[in-house]
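Fold and geometry: a report
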Amino acid sequence: MPLTASGVCLILEASGRRFPLAEGQSWAIGRGDGCAVMLDSRSVSRLHALIQRKDAGDYSLVDLGSRNGSFVNGRRVSVPVALSDDDRLVFGDQELHFSNPASAGSVAAAPEDTTRNMPTTGLHSHSLVTIMVVDIRDFTPLARTVSEGLLSQTIGTWFLHAGQITQRLGSWGQKYIGDAVMAVWVHDSLSRLPADLLRTLRAVCEINGATGEVSRALPLPGPLRIGAGVNTGPAIVGGSEYTALGDTVNAAFRLEAATKQLGLDVALGQRTFEELALPAGSPFIRREVELKGYESPSSVWGTSFEKLQAFLRTRD
């Protein structure tokens, strides 16, 4: 297959086949019909990953919650990763090379200065963390009504926005799970904990705004909606995949699920609410909810995106 005018492509190591990345802004990678980069291997998920081109011409790889993961130069992709010429990409047992000759001689830009904590490779117990879980509502019906190409573009674009937002606002690490994003804030200083939590809530609101932008930009049958759960407590954090483990994490997922039961958009755990030390008149209302897997009801503090956004404007 000839190179495109731009010369940007993926090259399959085993056969030398080239997949051009010229037309459009995103390219789905997988073994399913409609994928621009179709890989014939059972180790590759139907919708495995997505390459996106930004307005500036940079390319990023987003894993779409694949079973066997996506790797760039031997490192697993857990957040959207910027690609450089001659990067080695692995999806299941399929190896490809990213070719972008125009960028080969350019000097990589310095990374943005963010408040994100640098991850460590070892696992550390009893770290105080806040877990944010954001999930796309009614994703299964959406998946049944749109093409795989549009679905991968939707989820990939949403993942990319969510990852950029959470990193900029101090998240230590993110994971992409099906139609959900989990982000972790590690609290090294109790004195800064309220400020960390406000950044987490700003991330929730910005992701909601980005979700609306994705809805308007793509030909979807209806607007995307999300729910969010936020929980604070001890967890085991670290590892090469920048993960967090423990009951605090499990409860954050349950809190997100509880937003549907409560008819609200955002649900905070009890400790998150207490550590925020909010003044009277905050937008959160208390509810007792039976979270799945817990024997007794839990105190949950919920609100809508609109009320949370209005409250955060008073804290700027």
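For the structure given in this document, a descriptive report is provided here. Given the structure is predicted, the values throughout are model-derived calculations rather than measurements. (Residues numbered from 1 in each chain as written. Predicted model: local features only at pLDDT ≥ 70, side-chain atom pairs only at ≥ 80, totals over all residues. Heavy atoms only, no water.)

1. Re the sheet that holds strand 8 (residues 75-76)
Spatial ordering of the open sheet is given by 2-1-11-10-7-8, a layout of six strands whose pairing is antiparallel. Strand pairing shows two members of the sheet lacking a second neighbour, strand 2 (18-20) and strand 8, which therefore form its edges. In the sheet, strand 7 (residues 70-72) pairs with strand 10 (residues 88-91) via three bridges, with the strands oriented antiparallel. Across the sheet, the residue bridging to F71 is V90, located in strand 10. (Pairing = 2+ DSSP bridges. Helix = DSSP H or I, 4+ residues; strand = E, 2+ residues; numbered from the N terminus.)

2. Notes on the pattern of salt bridges
Overall, the coordinates contain five salt bridges when judged by the stated rule. In this structure, E256 and K260 form a salt bridge, with 3.5 Å as the shortest nitrogen-oxygen distance. Here K260 and E256 lie together in helix 4 (residues 247-262), a separation of four residues that amounts to about one turn. Judged by relative accessible area, E256 falls into the buried class, the value being 5%. For R271, the salt bridge is made with E275, and the minimal N-O distance between the two is 3.2 Å. Here the residue R271 and the residue E275 both occupy positions in helix 5 (residues 270-276), the gap between them amounting to four residues, near one helical turn. (Salt bridge = Lys/Arg side-chain N within 4 Å of Asp/Glu carboxyl O. Buried < 20%, exposed > 50% of the residue type's maximum accessible area, 1.4 Å probe, protein only.)

3. Considerations on the pairing of strand 5 (residues 49-53)
Along a regular strand, successive side chains alternate from one face of the sheet to the other. Summarising burial for strand 5: five of the five residues are buried, a large majority. On strand 5, burial covers both faces: A49, I51 and R53 on one face and L50 and Q52 on the other are all buried. The sheet contact formed by strand 3 (residues 26-30) and strand 5 spans four bridges and is antiparallel. Counterpart to S26 in the pairing with strand 5 is Q52. With five bridges joining them, strand 5 and strand 6 (residues 59-63) adopt antiparallel strand pairing. Directly across from I51, in strand 6, lies its bridge partner L61.

4. What about the sheet that holds strand 6?
The strand order 4-3-5-6-9 describes an open sheet built from five strands, whose pairing is mixed. In this open sheet, the two edge strands, each paired with only one partner strand, are strand 4 (37-38) and strand 9 (81-82). One ladder, built from two bridges, connects strand 6 with strand 9; its direction is antiparallel. Residue pairing for strand 9: L61 is matched across the bridge by V81.

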